[in-house]
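# A look at the structure
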Amino acid sequence: MPERFLGRTLGRFRVDAIIGAGGFAWVYKAYDPELDIPVALKILKPQYAGDEKFEQRFRREASTAAKLRHPNIIKIYAVGREEDAVYFAMDYLPQGLADRLNVMTQLPEQMLIRMAIDVASALGFAHREGVIHRDIKTDNILFDEHGNAVVADFGIARAVATHTDSTGTNMVVGTPQYFSPEQARGLQLDGRADIYSLGVTLFKSATGQLPFQGTDWYEIARQHVEDKPPKPRSINAQLSREMEDVILQCLEKDPNDRFATGEALCEELIHILQERGETAAVRSSGFVSTDTLSGSVTNSRIRRRVRRNRGWWIAGGAAAALLAIGGFAATRARSHAERLRDSI
């Protein structure tokens, strides 16, 4: 079925090859004769292109994403409809984070930090513009010819979410392995949900595996809500404690305990590079200002130091308490899991 568009011209774009597929769209490599460049063309599958309300939401969200002008957000050139095809055209970036991890399994730490700075910078900008991504994952992080990370598919998950809410369609929106706890519970989201999903992405990139895994998305969602992630250094001992702390703060269950903004996360990562004297990597990140670190970043470091030290002096008391209430806790966990299954 996706072959139906090969060789056709949609708007000014000639469709040349299939390069991927998602739950609601096919992705093609196409050619833009006006700019004389290759582009990626995302075309809605027929069951969605034929839904007038979904098409309107899709085009509206794509248009919103097209207004996000930032070096780490993919550029959208056009949004349109040609006969039975609803599409948008964007930068063609053939290599992504998922491709790198297929080859390398784990990213070297400097590469990991630089990628995280790029993505956090993009998220900070988008959140200030009122746009939440809702589906940050390895597949949606691409790389340009200079090695800079570029975030794709802003606004698309929102179009699908709005469609499922309005129609009652039984469809998982987003990717369960990367869900924030509040997303798993169907709560209202803000930018800190993207910070959590970026934390999952960083965990995967640093260790080669996801923090939570299961046989179905209900089980994975329960883990996001209830279970602590393993420490990344228990899987990759080469990872620094500073970077482990950053990843674990992104993965805090309570949004208030995560980095409040993409900028705060950016500055923390830049601070790590500065303390190592890696100023060239800081300059190459393209981040706006590295001279003064914000109070929110300083506070996040203090929280991590307190959390790390607190573990030593509460360990004995905590162990005794856990023994005393173990049976009650297990019963309560089962009950909560059942409530979670009913609510999502």
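Look a little higher up for the structure.
For the structure given in this document, a descriptive report is provided here. (Residues numbered from 1 in each chain as written. Predicted model: local features only at pLDDT ≥ 70, side-chain atom pairs only at ≥ 80, totals over all residues. Heavy atoms only, no water.)

## Here's the deal with the overall build of the chain
Filter applied, for reference: Helical segments are the DSSP runs of H or I of at least four residues, strand segments are the runs of E of at least two, and each set is numbered from the N terminus. Partly exposed residues are those whose accessible area sits between 20% and 50% of the maximum for their type, while under 20% is buried and over 50% is exposed, using a 1.4 Å probe and protein chains only. Contacts are assigned to residue pairs that have any heavy atoms within 4.5 Å of one another. Only the protein chains shown count as cover for residues, and all accessible areas are computed by the Shrake-Rupley method using a 1.4 Å probe.
Broken down by element type, the chain carries twelve helices and nine strands. Taking all 344 residues of the chain together, 48% fall into the buried category. Partitioning the contacts of the chain with sequence separation of at least 6, the portion at a separation of at least 24 is 61%. Accessible surface for the chain amounts to roughly 16600 Å². Of this, 50% is attributable to carbon and sulfur atoms.

## Focus on helix α7 (residues 191–207)
Note the following rule: How far a helix is expected to stretch is found by multiplying one less than its residue total by 1.5 Å.
For α7, with 17 residues, the first-to-last C-alpha span of 25 Å sits near the 24 Å given by 1.5 Å per residue. Counting buried residues along α7, 15 of its 17 residues qualify, which places the element largely inside the surrounding structure. Where α7 ends, the next residue or the one after it, Gly208, has phi of about 85°, a positive value.

## Some points on the pattern of salt bridges
Side chains that differ in charge, positive against negative, can pair when their charged atoms come close. Operational definition: By convention in these notes, a salt bridge is any Lys or Arg side-chain nitrogen within 4 Å of a carboxyl oxygen on Asp or Glu.
Throughout the structure, instances matching the rule amount to 17 salt bridges. Between Lys137 and Asp135 there is a salt bridge, with its nearest N and O atoms 3.5 Å apart. A residue is classified by how much of its surface remains accessible, and Asp135, at 14% relative accessible area, is buried. Residue Arg222 is joined to Asp227 by a salt bridge in which the shortest nitrogen-to-oxygen separation is 3.2 Å. One salt-bridge network, held together by shared partners, links Arg4, Arg8, Glu83 and Asp84.

## Some words on the side chain of His133
Definition in use: Two N or O atoms form a polar contact when they lie within 3.5 Å of each other; inside protein one atom must be a possible hydrogen donor and the other a possible acceptor, and for residues adjacent in sequence the pair counts only when both atoms belong to side chains.
In this fold, His133 is placed in the loop between α4 (109–128) and β8 (141–143). We classify His133 as buried; its relative accessible area is 0%. A polar side-chain atom of His133 sits 3.0 Å from the main-chain amide nitrogen of Asp135. Among the polar contacts listed, one links the side chain of His133 to the backbone oxygen of Ala152, at a separation of 2.7 Å.

## Notes on the sheet that holds strand β4 (residues 37–44)
In plain terms, the rule: When DSSP locates at least two bridges between a pair of strands, those strands are taken to pair.
Taken in spatial order, the six strands make up an open sheet running β1-β2-β3-β4-β6-β5, and their pairing is antiparallel. Each having just a single partner strand, β1 (9–10) and β5 (76–82) make up the two edges of the open sheet. Sheet analysis places β5 next to strand β6 (residues 85–91), joined by six bridges and oriented antiparallel. Residue pairing across strands places Glu82 opposite Ala85, the latter belonging to β6.

## Describing the nonpolar core
Inclusion rule: Here, nonpolar core refers to any group of buried Ala, Val, Leu, Ile, Met, Phe, Trp, Tyr and Cys residues whose side-chain atoms link them within 4.5 Å.
Core analysis: the largest hydrophobic core is formed by 69 residues, its most contacted members being Met115, Phe154, Met243 and Leu265. In contact with Leu265, other than residues within four places in its own chain, are Ala120, Ile195, Leu198, Val246, Cys250 and Phe259. Counting 14 residues, the second largest nonpolar core, distinct from the first, contains Phe5, Ile43, Ala78 and Tyr87.

## Examining helix α2 (residues 52–66)
Over its 15 residues, α2 runs 21 Å from end to end, which matches the ideal 21 Å to within 8%, given 1.5 Å per residue. Of the residues making up α2, those classed as buried are Phe54, Glu55, Arg57, Phe58, Glu61, Ala62, Ala65 and Ala66. At the N-terminal end of α2, a side-chain oxygen is found 3.1 Å from the backbone nitrogen of Lys53, two or three residues along, and the residue is Asp51.

## Topic: the side chain of Ser205
Along the chain, Ser205 falls in helix α7. In this view, Ser205 contacts Leu97, Leu101, Thr105, Gln106, Leu107, Leu112 and Met115; residues no more than four positions away in its chain are not counted.

## A short note on the sheet that holds strand β7 (residues 95–96)
Rule in force here: Axis angles are defined between N-to-C directions and span 0 to 180 degrees, where every axis is a line fitted to C-alpha atoms and, for a helix, only to the segment in contact.
Pairing is antiparallel across the open sheet formed by three strands, whose spatial order is β7-β8-β9. This sheet does not close on itself; its edge strands, each paired only once, are β7 and β9 (149–151). Here two bridges tie β7 to β8, and the two strands are oriented antiparallel to one another. By the bridge assignment, Gln95 is partnered in β8 with Phe143. Packing of α4 onto the sheet brings it into contact with β8 and β9, and relative to β9 it is tilted by some 30°.

Treat this as a map of the structure, not an account of what it does.
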